[in-house]
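# Chain and residue survey
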Amino acid sequence: MTLVVHLVRHAAHGLLGRTLAGRMPGVSLSAEGRGQAERLAARLARSPADAVLTSPLERARETAAPIAAAMGREAVVEPALNEIDFGAWTGLTFDALADDPAWRRWNAARSLARPPGGESMLAAAERMRDLLERLSGTRATGRVVLVSHCDVIRAALLHVLGLSLDRYDRIAVDPASVSTLAIDEWGARVLSINEACP
């Protein structure tokens, strides 16, 4: 008996690669991102899921909506899938952050550092671990789709792989990508990482 978990990063938005959007409200998918979400929906609908859970942020909900619709499901908001709270860094450009010693420390030691006024990556990893345990406890078999954010998905993958959070940058999690876990009585294992939707 196996539970298959698809970890989906939200599709592209207009601030991608330029601004640390974090939990900023009103960050919606771009036209490119809406196309990515539709292609994701078509791909994932080939093996329909029993549930589609999503981060509460707009860009994740907009990615989850067509996926859920293609499967005849409703996307359910799950707070554990929310983006890391980047505190005072939220909304700053990456250029503005480049010379901040705290930013450099964050990117060098994710297992120890915390954004000013924000949430550690360890806390994000713990909430993802708890969610996976809860899902595997209530669903011994089946398939679920979890729509979340880059570093939150990295945290889940690193946990399953037994790697330190400081190795976050060894895992690519691109917009609209799918990484897949299988959870059974032997525990969790990684089936795929960062699969792009053609």
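Structure first, text after, so check above.
Residues numbered from 1 in each chain as written. Predicted model: local features only at pLDDT ≥ 70, side-chain atom pairs only at ≥ 80, totals over all residues. Heavy atoms only, no water.

Turning our attention to the packing of aromatic side chains. Applying the stated criterion to the full structure yields four aromatic pairs. Between tryptophan 89 and tryptophan 103, the aromatic rings sit 5.2 Å apart at their centres with planes inclined by 85 degrees, giving edge-to-face as the arrangement. Here tryptophan 89 is found in the loop between β3 (75-77) and α3 (94-97), whereas its partner tryptophan 103 is found in helix α4 (residues 101-108), with 14 residues between them in sequence. Centroid distance tryptophan 89 to tryptophan 106: 6.2 Å. Interplanar angle 70 degrees. Geometry classified as edge-to-face. Placement of tryptophan 89 in the loop between β3 and α3 and of tryptophan 106 in helix α4 is noted, with a sequence separation of 17 residues between them. The exposure class of tryptophan 89 is buried, given its relative accessible area of 2%. Residue classification places tryptophan 106 among the buried positions, given a relative accessible area of 0%. The residue whose ring lies beneath arginine 110 is tyrosine 168, and the NZ or CZ to ring-centre distance is 3.9 Å. (Phe/Tyr/Trp six-rings, centres within 6.5 Å; stacked < 30°, edge-to-face > 60°. Helix = DSSP H or I, 4+ residues; strand = E, 2+ residues; numbered from the N terminus. Buried < 20%, exposed > 50% of the residue type's maximum accessible area, 1.4 Å probe, protein only. Lys NZ or Arg CZ within 6 Å of the ring centre and 35° of its normal.)

This part takes up the packing of helix α5 (residues 121-138) against helix α6 (residues 150-161). Contact pair α5 / α6: the axes reach a minimum separation of 9 Å and the direction vectors enclose 65 degrees. In terms of axis orientation, α5 runs roughly perpendicular to α6. Considering how the two elements wind past one another, α5 and α6 form a crossing that is right-handed. Facing α5, whose interface residues are Met121, Ala125, Arg127, Met128, Arg129 and Leu132, α6 presents Asp151, Val152, Arg154, Ala155, Ala156 and His159. (Axes fitted to C-alpha atoms, helices over the stretch in contact; angles between N-to-C directions. Parallel < 35°, antiparallel > 145°, perpendicular 65-115°, else oblique. Left-handed = near helix turned anticlockwise from the far one by under 90°. Contact = heavy atoms within 4.5 Å.)

At alanine 176, a residue that is not glycine, the phi angle is positive and equals roughly 65 degrees. The topology assignment puts alanine 176 in the loop between α6 and β5 (178-184). Phi is positive for asparagine 194, close to 60 degrees, though the residue is something other than glycine. With respect to the secondary-structure elements, asparagine 194 resides in strand β6 (residues 187-195). Residue asparagine 194 is classed as buried on the basis of its relative accessible area, which comes to 18%.

What follows is about the pattern of salt bridges. Overall, the coordinates contain nine salt bridges when judged by the stated rule. Note that arginine 154 is salt-bridged to aspartate 151, the shortest N-O span being 2.9 Å. Highlighted residues: arginine 154 and aspartate 151, both in helix α6, separated by three residues, approximately one helical turn. Via salt bridges that share partners, Arg23, Glu119 and Arg127 belong to a single interconnected network. (Salt bridge = Lys/Arg side-chain N within 4 Å of Asp/Glu carboxyl O.)

With respect to the helices and strands, the residue glutamate 78 is situated in the loop between β3 and α3. Judged by its relative accessible area of 12%, glutamate 78 is buried. A polar contact of 3.4 Å, which involves the side chain of glutamate 78, links it to the side chain of arginine 134. Excluding anything up to four places from it in sequence, glutamate 78 contacts Leu53, Thr54, Ser55, Pro56, Leu131 and Arg134. (Polar contact = N/O pair within 3.5 Å; in protein donor to acceptor, adjacent residues only side chain to side chain.)

Moving on: α6. Over its 12 residues, α6 runs 16 Å from end to end, which matches the ideal 16 Å to within 8%, given 1.5 Å per residue. Those residues of α6 that are buried are in contact with β1 (3-9), α5, β4 (142-148), β5 and β6. (Expected span 1.5 Å × (residues − 1).)

A separate point is the pairing of β4. With five of seven residues buried, β4 lies mostly within the body of the structure. For β1 and β4, the ladder comprises seven bridges, and the chain directions are parallel. By the bridge assignment, arginine 9 is partnered in β4 with serine 148. Direction of pairing for strand β2 (residues 51-54) relative to β4: parallel, over a ladder of four bridges. From the neighbouring strand, leucine 53 faces β4, where its bridge partner is leucine 146. (Pairing = 2+ DSSP bridges.)

In short, shape yes, function no, at least from these values alone.
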